[in-house]
Amino acid sequence: MISHILLVLLNIAFSTQGLNFFRKLRIASSPCLSLSASSSITGRSTEVAKKSVFIFGLGYVGTALAYHLKAAGWNVSGTVTGKSSRSIYKASELRKKGILALYFDPKSDSDWKDIKQQINKSTHLLSTIPPIDFESSSDDGNGNEIDGVLRVFRDTIHTASHLQW
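### A few points about the sheet that holds strand β6 (residues 124-127)
Stage number 1. Spatial strand order, β5-β4-β3-β6: four strands in an open sheet with parallel pairing. For this open sheet the edge positions go to β5 (100-104) and β6, each flanked by a neighbour on one side alone. On average, each strand axis in the sheet is inclined to that of its neighbour by 20°, with strand direction left out of account.
Stage number 2. Its contacts with the sheet place helix α4 (residues 85-96) against β4 (75-81) and β5, and it is angled at close to 160° to β5.

The following block contains the structure:
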C-alpha cells in the first residue's frame, strides 16, 4: 500500500502540475534538491562541476528519476537486478539513452569493481532496492531482511570522497 502511494506521489511530483505545486510550496529552497524555472530537477549548488548520481535499483522509481536527472544534465548510472534476459534488455535500453546500467545481485559475492568505481565518481547516491532476506530463498517478510546495498558497499560508500548531501 505504501509503495503504491509513493509511486503515485512520484508520478504527481514529476508531472508539470506537480512541479508547479511543489514550487508553490517553496520546495525550491530545499537543501537537497531545487526545482528550476524550466521544470527540471537540478542540484542545489550553482557550481560548474557536473552532478552525477548512482542509483541502486533502476526499477520503476529509479528509472523515472534517472530520466529526469539525465534530462537536467546530470551524469546518471545505476544498477539493474541480476543478468536475466529482462535485465540485459533494460540495461541495453538505458545505455542507449546515456544511462550506464550495471548488473547487481546483492546475494552474490562478486567484487563489484565497476559499481565501486561509479560510486567513487558520483556526487549523489540513491538506493531504491528493498531489504532482502539473505538466509531464505524467498523474501517473505519474516524480519530477517537487511539492506543488501549496505551489506556489500558500506565501506565504499563510507570512503567515497565526492558524495554530497
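What follows continues from the structure just given.
### Let's talk about the confidence of the model for the protein
Stage number 1. Summary statistics for the protein give a mean pLDDT of 75 and a share of 65% for residues scoring 70 or more.
Stage number 2. Strand β1 (residues 33-35) is the least confidently modelled element of the protein, averaging 36 in pLDDT, while strand β3 (residues 52-56) averages 97, the highest of any element.
Stage number 3. Under a pLDDT of 50 for its full length, residues 1-13 has, in the predicted model, nine contacts with residues more than four places off or in other chains.
Stage number 4. Low pLDDT, under 50, characterises residues 15-48; the predicted model gives this stretch 44 contacts beyond four residues in sequence or across chains.

### Here's the deal with the pairing of β5
Stage number 1. Burial of β5 is extensive: four of the five residues sit out of reach of the surface.
Stage number 2. Across five bridges, the pairing between β4 and β5 is parallel. By the bridge assignment, G78 is partnered in β5 with A101.
Stage number 3. On the question of chirality, the crossover connecting β4 to the parallel β5 by way of α4 is right-handed.

### Section: helix α6 (residues 148-159)
Stage number 1. Every buried residue belonging to α6 is among G148, V149, F153 and T156, and all of these are buried. End-on, the buried residues of α6 take up no more than an arc of 80°, which puts them together on one face. Opposite its buried face, α6 presents the exposed residues R154, D155, H158 and T159, each directed more than 90 degrees away.
Stage number 2. On the buried face of α6, the contacting elements are β3, β5, α5 (113-121), β6 and β8 (145-146).
Stage number 3. The distance from a side-chain oxygen at the start of α6 to the backbone nitrogen of V149 is 2.8 Å, and the residue carrying that oxygen is D147.

Conventions used here
- Residues numbered from 1 in each chain as written.
- Predicted model: local features only at pLDDT ≥ 70, side-chain atom pairs only at ≥ 80, totals over all residues.
- Heavy atoms only, no water.
- Pairing = 2+ DSSP bridges.
- Helix = DSSP H or I, 4+ residues; strand = E, 2+ residues; numbered from the N terminus.
- Axes fitted to C-alpha atoms, helices over the stretch in contact; angles between N-to-C directions.
- Contact = heavy atoms within 4.5 Å.
- pLDDT = per-residue confidence, 0-100.
- Buried < 20%, exposed > 50% of the residue type's maximum accessible area, 1.4 Å probe, protein only.
- Right-handed = clockwise from strand over helix to strand, strands pointing away.
- Arc of directions from axis to C-beta.
- Polar contact = N/O pair within 3.5 Å; in protein donor to acceptor, adjacent residues only side chain to side chain.

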